[in-house]
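Here are the chains, one letter per residue:
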Amino acid sequence: MSRPLIKVYVPLDSAARALGADDVADAILCEAKARDLSVELIRTGTRGMIWLEPLVEIDRGEGRIAYGPVTPDAVLAIFDGSAETLGPVEAIPFFARQTRLTFARCGVIDPLSLPDYETHGGLIGLRRALTMTPEAMVEEVKTSGLRGRGGAGFPTGIKWDTVRQTEADRKYIVCNADEGDSGTFADRMIMEGDPFCLIEGMIIAGLATGATRGFVYIRSEYPDAIAIMDRAIRIAREAGLLGVDILGSGQTFEMEMRVGAGAYVCGEETSLLNSLEGKRGVVRAKPPLPALKGAFGKPTVVNNVISLATVPVIFEKGAAHYADFGLGRSRGTMPIQIAGNVAHGGLFETAFGMPLGDLVNDIGGGTASGRPVKAVQVGGPLGAYFAPHQFDTPFGYEDFDAKGGLIGHAGIVVFDDSADMLSMARFAMEFCAVESCGKCTPCRIGAVRGVETIDRIAAGDSAAPALLTDLCDTMRDGSLCALGGFTPYPVMSALRLFPDDFGLTTEAAE
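Residues numbered from 1 in each chain as written. Predicted model: local features only at pLDDT ≥ 70, side-chain atom pairs only at ≥ 80, totals over all residues. Heavy atoms only, no water.

1. Points about the overall build of the protein chain
We apply this condition: Under the scheme used here, helices are H or I runs from DSSP no shorter than 4 residues and strands are E runs no shorter than 2 residues, and both carry numbers assigned from the N terminus. When we talk radius of gyration, it's over C-alpha atoms, and the globule rule is simply 2.2 Å times the number of residues to the 0.38. In this scheme, a residue with accessible area under 20% of its type's maximum is buried, one over 50% is exposed, and one in between is partly exposed, where area comes from a 1.4 Å probe on protein chains only. Between two residues, a contact is recorded if the distance between any of their heavy atoms is within 4.5 Å. Per-residue and other accessible areas follow the Shrake-Rupley method at a 1.4 Å probe size, with only the shown protein chains counted as cover for residues. For the purpose of counting charges, residues Lys and Arg are taken to be positive, whereas Asp and Glu are taken to be negative. His and the chain ends are not included. Here the site of a charge means atom NZ of a Lys, CZ of an Arg, CG of an Asp or CD of a Glu.
When its secondary structure is counted, the protein chain shows 23 helices and 15 strands. Rg of the C-alpha trace for the protein chain: 24 Å, near the compact-globule value of 24 Å for 510 residues, within the 12% margin. Within the protein chain, buried positions represent 58% of all 510 residues. For the protein chain, restricting intrachain contacts to residue pairs at least 6 apart in sequence, the fraction spanning at least 24 positions comes to 70%. Carbon and sulfur atoms make up 52% of the accessible area of the protein chain, which totals about 19,500 Å². Here the protein chain contributes 47 positive and 65 negative side-chain charges, whose respective centroids are spaced 6 Å apart.

So, in structure tokens, the structure goes:
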């Protein structure tokens with residue numbers, strides 16, 4: 001009689017590996033061998049609950065049961081049946097409250113198994129797209145309400161339509177995977193946990209716009225994602241998803257990866273394109289827009305990883321289904337990354353509209369230190385700070401804009417009441433000074449003057465706050481790109497909301 005097969009799922013995601021997932025996987029195989037058990041070890045992406053990593057799921061034939069965080073020493077108890085379980089992942093409150101569309105397969109499948117991908121809905125969207133005209137494909141994206149998930153929130157369908165209607169002998173799809181914002185990891189998670197989703201989205205974008213070649217511009221700090229994406233592209237090519245005859249349709253799309261060298265400013269689309277072409281990563285003046293003259297002087301769609309990875313689910317389930325989630329002009333779901341001094345850090349995908357306070361206190365569980373929340377920065381190092389009295393703000397593009405903030409790549413970084421907000425404002429200016437490409441004066445010089453001016457405030461110079469406000473106005477209005485243009489967001493929000501940290505009264509801060 002054959003022994004029952006036990007399936008064991010252990011993440012290969014970078015965060016899980018950093019917390020010991022590889023050692024846990026080795027311990028599981030050793031224990032299975034010692035017990036003469038038939039075990040199939042499956043390495044998956046992460047489910048996104050980082051405080052529970054390494055999260056191990058075991059299926060003995062009755063469904064997957066989770067354990068975590070697991071150490072190698074705990075493996076023995078798991079096999080003995082004496083370890084405390086978390087039950088099915090889907091029942092864990094943090095996970096159960098999510099609406100997983102883009103990340104539905106992450107942590108569920110072997111990321112490099114194309115059959116697994118298809119079993120869980122993969123390629124349905126592409127096969128449907130192959131039956132549609134480019135105009136109809138673009139209209140589907142417009143109807144879905146999908147907006148750029150990288151930060152700007154520009155309507156994806158309009159960008160695609162501009163490229164589609166522009167005449168050229170060659171067009172490109174460029175995926176911006178230069179995820180450099182603090183507290184963000186959604187791009188990495190999708191590339192490590194569901195790479196075929198990104199590939200499928202890029203192919204559909206190519207079919208819709210007439211582009212026949214794509215590039216994934218990925219940051220060098222993501223070695224695991226680089227390796228997985230490279231293998232996934234080769235597997236897709238061998239399976240006929242890429243090349244001159246996509247799934248036997250006679251249509252062409254090819255793609256490759258380009259690895260950046262770690263410049264934060266290359267997350268800006270024109271600086272990225274310069275780097276992609278082998279030039280110095282400096283910002284280009286606009287116009288012309290990349291949609292008209294982008295990579296190698298040709299019409300180019302530049303979309304973020306999550307924007308492109310969301311396209312397959314829109315074509316699988318229909319634009320109306322996707323647009324049914326959200327509020328106002330913020331449609332669909334957003335993978336919100338909760339980080340910093342927080343009890344339950346991780347990725348939480350939900351429809352737009354959840355109040356910020358619910359994300360921080362209910363979903364995130366408040367601070368890891370147990371101290372009161374003082375501030376939350378939303379949108380990376382260029383995002384504004386929000387104080388607890390603003391926590392009723394719904395998570396939506398226009399809602400945040402109305403409060404002087406931005407969603408950006410949807411990273412939330414939590415700070416407790418020990419944080420010094422003058423130091424945080426200084427860090428924002430210092431970060432801008434270090435990362436500036438040097439192309440424009442407001443960013444290159446303004447950030448340096450900003451550090452000096454904040455130091456003057458700390459020294460008690462009563463004229464410095466007004467000077468800082470004027471400087472921030474100049475940077476916001478005069479910078480060529482968002483690096484200099486958005487640095488005033490964290491600086492001015494810190495000054496306005498936390499005047500005590502600057503040694504000022506509320507009236508002086510305003």
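There's plenty left to go through after this.
2. So, the pairing of strand β11 (residues 333–340)
The side chains of a regular strand alternate, first on one face of the sheet and then on the other. Stated formally: The pairing criterion for strands is at least two bridges between them, as found by DSSP.
For β11, a buried count of seven out of eight residues is recorded, marking the element as mostly surrounded by other parts of the structure. As paired strands, β11 and strand β12 (residues 346–351) are joined by six bridges and run antiparallel to one another. Bridging from a neighbouring strand, I338 pairs with G346 of β12. Following β11, the chain reverses through five residues before pairing antiparallel with β12. Bridge count for β11 against strand β15 (residues 411–416) is four bridges, and the pairing is parallel. Note that in β15 the partner of I338 across the bridge is I412.

3. A few points about the packing of aromatic side chains
Put simply, the test is: Whether two aromatic rings pair depends on their centres lying within 6.5 Å, for rings of Phe, Tyr and Trp, where Trp uses its six-membered ring; planes under 30 degrees apart make the pair stacked, over 60 edge-to-face, and the rest tilted.
Scanning the entire structure with this criterion turns up 13 aromatic pairs. A ring pair is formed by F386 and F400, whose centres lie 4.9 Å apart and whose planes are at 45 degrees; its orientation type is tilted. Highlighted residues: F386 in strand β14 (residues 385–386) and F400 in helix α16 (residues 397–402), separated in sequence by 14 residues. On the basis of relative accessibility, which here comes to 0%, the residue F386 falls in the buried class.

4. With respect to the sheet that holds strand β7 (residues 254–259)
Inclusion rule: In this analysis, axes come from line fits to C-alpha atoms, helices being fitted only over the stretch in contact, and the angle between any two N-to-C directions falls in the range 0 to 180 degrees.
Strand order across the open sheet formed by four strands is β7-β6-β5-β8, with parallel pairing between neighbours. Looking along the sheet, the strands with just one partner apiece sit at the ends: β7 and β8 (300–304). Mean inter-strand twist for the sheet, computed between neighbouring axes without regard to direction, equals 20 degrees. Looking at chain direction, strand β5 (residues 172–177) and β8 are connected through five bridges and run parallel. The partner of V174 across the bridge, within β8, is V302. Against the sheet, helix α11 (residues 223–238) contacts β6 (213–218) and β7, and its axis sits at roughly 165 degrees relative to β7.

5. Some words on helix α17 (residues 421–435)
Given 3.6 residues per turn, any residue in an α-helix points the same way as the ones three and four places further on. To be explicit about the condition: Expected helix span is taken as 1.5 Å per residue step, with the number of steps being one fewer than the number of residues. In protein, a polar contact means a hydrogen-donor-capable atom and an acceptor-capable atom, both N or O and within 3.5 Å, with residues adjacent in sequence counting only if both atoms are side-chain atoms; elsewhere, any N or O pair within 3.5 Å suffices.
With 15 residues, α17 extends 21 Å from end C-alpha to end C-alpha; this agrees with the ideal 21 Å at 1.5 Å per step. For α17, the full list of buried residues reads M421, L422, M424, A425, A428, M429, F431 and C432. Among the residues of α17, the N-terminal cap falls to D420, whose side-chain oxygen and the backbone nitrogen of L422 are separated by 3.2 Å.

6. Examining the nonpolar core
Heads up, the rule is: Put simply, buried Ala, Val, Leu, Ile, Met, Phe, Trp, Tyr and Cys residues joined by side-chain atoms within 4.5 Å make one nonpolar core.
Residues M191 and I199 are the most contacted members of the largest nonpolar core, which totals 68 residues. Here this core takes 10 residues from helix α10 (residues 195–209), the largest share from any one element. Those residues within four positions of M191 in sequence are excluded, and the remaining contacts are A177, L198, I218, Y222, A225, I228, M229 and V305.

7. Side note on helix α12 (residues 269–276)
Most of α12 sits out of view: seven of its eight residues are buried. Within the span of α12, buried status applies to E269, T270, S271, L272, L273, N274 and L276. Elements in contact with the buried residues of α12: α8 (156–165), β5, β6, β7 and β8. The first or second residue beyond α12 is G278, which carries a positive phi of 90 degrees.

8. Digging into unusual backbone geometry
Each neighbour pair has its own omega, and for E53 with P54 the value is -5 degrees, a cis peptide bond. Within the secondary structure, P54 is located in the loop between β2 (39–44) and β3 (56–59). Look at the link from K286 to P287: it is a cis peptide, with omega at 5 degrees. Following the sequence through the fold, P287 ends up in the loop between α12 and β8. The backbone of L247 sits at a positive phi, close to 45 degrees, despite the residue not being glycine. Its place among the elements puts L247 in the loop between α11 and β7. For L247, a relative accessible area of 33% translates into the label partly exposed.

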